[in-house]
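Geometric and topological summary
Residues per chain, in single letters:
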Amino acid sequence: MDTGNVEWKTGIRNICFGVLVCGVFLGVGAKTVEGALLEGLLDGFEETLGESAEAKGERLIIGNFYQAERPDSHGPIGVMGDHTHNKGEFMFSYRYMRMFMDKNRDGTDNVSDNEVLQDFVVTPTEMTTQMHMFGAMYGLNDTVTLMAMFPYVMKSMEHKNRAGVKFKTNASGIGDIKLASLWRLYAFEMPSIGAHRFHLQTGMSLPSGDIKPRDNTPLGNNSLLPYPMRLGSGTVDMLPGLTYTGVKHDVSWGFQAKGRIPLGYNQQGYQEGKRYDLNSWGAYRWADWISTSARFNWKQWFNIKREDGQLPTTIGPANTPIVPTAETDLRGGKRLDLLGGINILFPDFKGLENHLNVEAGAPIYQDLDGPQLKQSYSFWVGWQIIL
Amino acid sequence: MENKFRWLSGIVVLTIITGTSMTHAYEVGEVRDGGTISGQVTFLGSPPEAVHFNVDKNPEICGQERSLMKVDVRNGFLTGAVVVLEGVEKGKPFLPQAWTGTAPGEGDFQHRGGNSLGLRVNTKGCNFGPFTGVVAADQPIQFGNQDSIKHILHTFVAKGRRGSVLRTIHNRDIHPDHEMHLTVSSGKLQDSRMVRLACNRHDFMENWLYVVKHPYFAITDEEGQFVIDNIPQGHYTLRAWHPLLGLQEQEVQVAPGMAMGKNFGFSE
């Protein structure tokens, strides 16, 4: 009873802290500035570029912000927070994501199920993660765009034990809600060099996802599921990021660096490892309504700190490790994905812009602290409405 | 002692702020025996040809083809040049006036008049209004969209002799039959006096506004003529501006009741 109270209070405290920090970010954004943050600080640069524009008979535009009316005005659908919005503009989005993992890997080498079962009683054989993500963006002013994402996550994992018995566990529910502010840093455009835009992200992930999912396993009914099956981190996490996007004629490109940094430890006593994400993409507009993209996505994530004291990790008198997914030091890894995408812009209807975007890809490099399931493919489809 | 210092600092700052704003504010008052300046603005050479656009987006509203006459010269006279008498701090009230854009499209710039310029931009037929106009800093501009399609209003402060450096002021959607109030703040303008209007959706929608502080301005008609009347006596700078041709200045001394002729000549 006491432990429950403490957990409940910790959870509430985490959420309050997250809301408070976000509130401060948003409040500052709403009150202090109107325009890109670096506007007026780069006079020398602007002067040089302005002279170049004049010499070429062109115009230099500073702060030419978001324009929705290109199919590639948004990055590939798997990239979040890739663009900002103009003041008063709303965007609502729905994304569906499916990620499939199969076969185990240790480092960069594949490991067979039998090899895993030499050290563990159970091995995961494949995992499917699906996510329905509802998002909203709003241009609060000429500096700040607010962003919120509400995910619904469904996970299922197939296992095999030493006796050859296969079983499956499932977990589903609301994931971690993410709130962020995107801050316009600077933007400029000149016909001969294209448009270049920079923005910063400050954000928070709130611990709304279940970190105590349970399902029936051969170990017992209603067993606590291991780390990869959890729907959230259980902590308030910082979500910093920096994005650069560019456009010239029918070509557009972007680069984004983002992180997920947990603050403190969750109710179960552990902390998810930090995650870093680098995206680099290029897109070509084939017509006013369609563009295709290619994206490299580098991810690095670290092992869990401390551990969930309620999660059994060994079994029997010999303390045989149960399953790799319950080991905190077998969670880290790095991966490079290559993804291809299509963005379609529909004709506007009553002033609404509709984007339908699809993206799919697979890893071309994976180095895992294994044995750990390796990713096989990921697929995204999303609908975005701007009004 | 410390409190006294704070009070003193506060008063000094307040005085500076008040003083600064008073220095820049135009005051409407009686003008006795005011002077008049009239003249013509000419253009020598071949003006640039109108820019033609094939309309891809919303041709049912905007027309299949559009052209934009950026330098409008008729028989050697420049239409749409903004002539402003700089340096007047007190004088006549703003006049109610309206200027309509060239067809197709019936957008217009309307000035309510009185103690302020009171600009209203009526967007109609994918046309904000005439290619050139005037605007006042820190005063709300009422933008209306009478079209059944959305326009994305993009305003810029322009720098450089011919506005070759543009800095975004606003970038806003104006939905069908909607209105919005926007202000060109003096903070954004800094020392520039040129504002560009554009629509992100329709690249033939382009207009230029010169920032005025008082009603002593005129826009040249089809014969390049302008008249500025009821001018208080004093020494001023008379400016003629066109967004593509630049700025010309002349010093003028206005005496009570005096009628003065002043011409400007732009060239290629």
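Residues numbered from 1 in each chain as written. Chains lettered and ligands numbered in written order. Predicted model: local features only at pLDDT ≥ 70, side-chain atom pairs only at ≥ 80, totals over all residues. Heavy atoms only, no water.

Along chain A, the regular secondary structure elements total three helices and 21 strands. Burial analysis of chain A (387 residues in total) assigns 53% to the buried set. Taking as baseline every contact in chain A between residues at least 6 positions apart, the subset at least 24 positions apart corresponds to 71%. Surface accessibility of chain A: about 16,800 Å² in total, with carbon and sulfur atoms responsible for 60%. (Helix = DSSP H or I, 4+ residues; strand = E, 2+ residues; numbered from the N terminus. Buried < 20%, exposed > 50% of the residue type's maximum accessible area, 1.4 Å probe, protein only. Contact = heavy atoms within 4.5 Å. Areas by Shrake-Rupley, 256 points an atom, 1.4 Å probe, with all protein chains shown as cover.)

This part is about the sheet that holds strand β19 (residues 217–219) of chain B. All names here are of chain B. Taken in spatial order, the four strands make up an open sheet running β19-β7-β21-β22, and their pairing is antiparallel. The open sheet is flanked by β19 and β22 (246–254), the only strands paired with a single partner. Averaged over all neighbouring strand pairs, the angle between strand axes comes to 20 degrees, with direction disregarded. The sheet contact formed by strand β7 (residues 82–86) and strand β21 (residues 234–242) spans five bridges and is antiparallel. Bridge pairing links V83 to A240 in β21. (Pairing = 2+ DSSP bridges. Axes fitted to C-alpha atoms, helices over the stretch in contact; angles between N-to-C directions.)

The next subject is the state of the cysteines. Residue and element names in this part refer to chain B. Going through the model one piece at a time under the given rule, you end up with one disulfide over all chains. Across the disulfide, C62 is cross-linked to C126 (sulfur-sulfur distance 1.9 Å). Between C62 and C126, the S-S torsion sits near -55 degrees, and that sign places the bridge as left-handed. Of this pair, C62 sits in helix α2 (residues 59–62) while C126 sits in the loop between β11 (119–123) and β12 (132–136), placing them 64 residues apart in sequence. C62 gets classed as buried once you look at its relative accessible area, which sits at 1%. In this model C199 remains outside any disulfide bridge; the closest cysteine sulfur is found in C126, 7.5 Å from its own. Residue classification places C199 among the buried positions, given a relative accessible area of 6%. (Disulfide = S-S within 2.5 Å.)

Right, let's talk about the confidence of the model for chain B for a bit. All names here are of chain B. Summing up the model confidence of chain B, the mean pLDDT is 88 and the portion of residues at 70 or higher is 90%. Per-element mean pLDDT across chain B ranges from 48 in helix α1 (residues 2–24) up to 97 in strand β20 (residues 225–231). Contacts from residues 11–23, a stretch scored under 50 in pLDDT, to residues over four places away or in other chains number zero contacts. (pLDDT = per-residue confidence, 0-100.)

With that settled, consider the pairing of strand β18 (residues 206–212) of chain B. All names here are of chain B. Counting buried residues along β18, seven of its seven residues qualify, which places the element largely inside the surrounding structure. Residues E206, W208, Y210 and V212 of β18 are buried on one face, and the alternating residues N207, L209 and V211, pointing to the opposite face, are buried as well. By the bridge criterion, five bridges tie β12 to β18 in an arrangement that is parallel. Across the sheet, residue T132 finds its bridge partner in β18, namely W208. With five bridges connecting them, strand β17 (residues 194–199) and β18 associate as antiparallel partners. The partner of A198 across the bridge, within β18, is E206. The hairpin turn running from β17 into β18, its antiparallel successor, is six residues long.

Once that is clear, we can look at the interface of chain B and chain A. With 25 residues of chain B at the interface, the matching set in chain A holds 27 residues. Buried area between chain B and chain A, summed over both chains or domains, comes out near 2,100 Å², and the portion from carbon and sulfur atoms is 37%. Counting every contact that joins chain B to chain A gives three salt bridges. Here A:E353 and B:K150 are joined by a salt bridge, their closest N and O atoms 2.9 Å apart. The tally of links between chain B and chain A comes to ten residue pairs in polar contact (both at pLDDT 80 or more). Residue assignment for the side of chain B that touches chain A shows that the elements contributing at least two residues are β14 (151–159), β15 (165–174) and β18 of chain B. No other element matches the eight residues that β15(B) contributes to the side of chain B that touches chain A. Each residue belonging to the side of chain B that touches chain A can be placed in one class, and the counts come to seven nonpolar, eight polar and ten charged. Here strand β1 (residues 60–62) of chain A pairs with β15(B) via three bridges, running parallel. (Buried area = accessible area lost by both parts, 1.4 Å probe. Salt bridge = Lys/Arg side-chain N within 4 Å of Asp/Glu carboxyl O. Polar contact = N/O pair within 3.5 Å; in protein donor to acceptor, adjacent residues only side chain to side chain. Nonpolar A, V, L, I, M, F, W, Y, C, P; charged D, E, K, R; others polar.)

All right, on to the pairing of β22(B) then. Residue and element names in this part refer to chain B. Across nine bridges, the pairing between β21 and β22 is antiparallel. If you follow T237 over to β22, its bridge partner there is E251. Between the end of β21 and the start of β22, which pair antiparallel, lie three residues.

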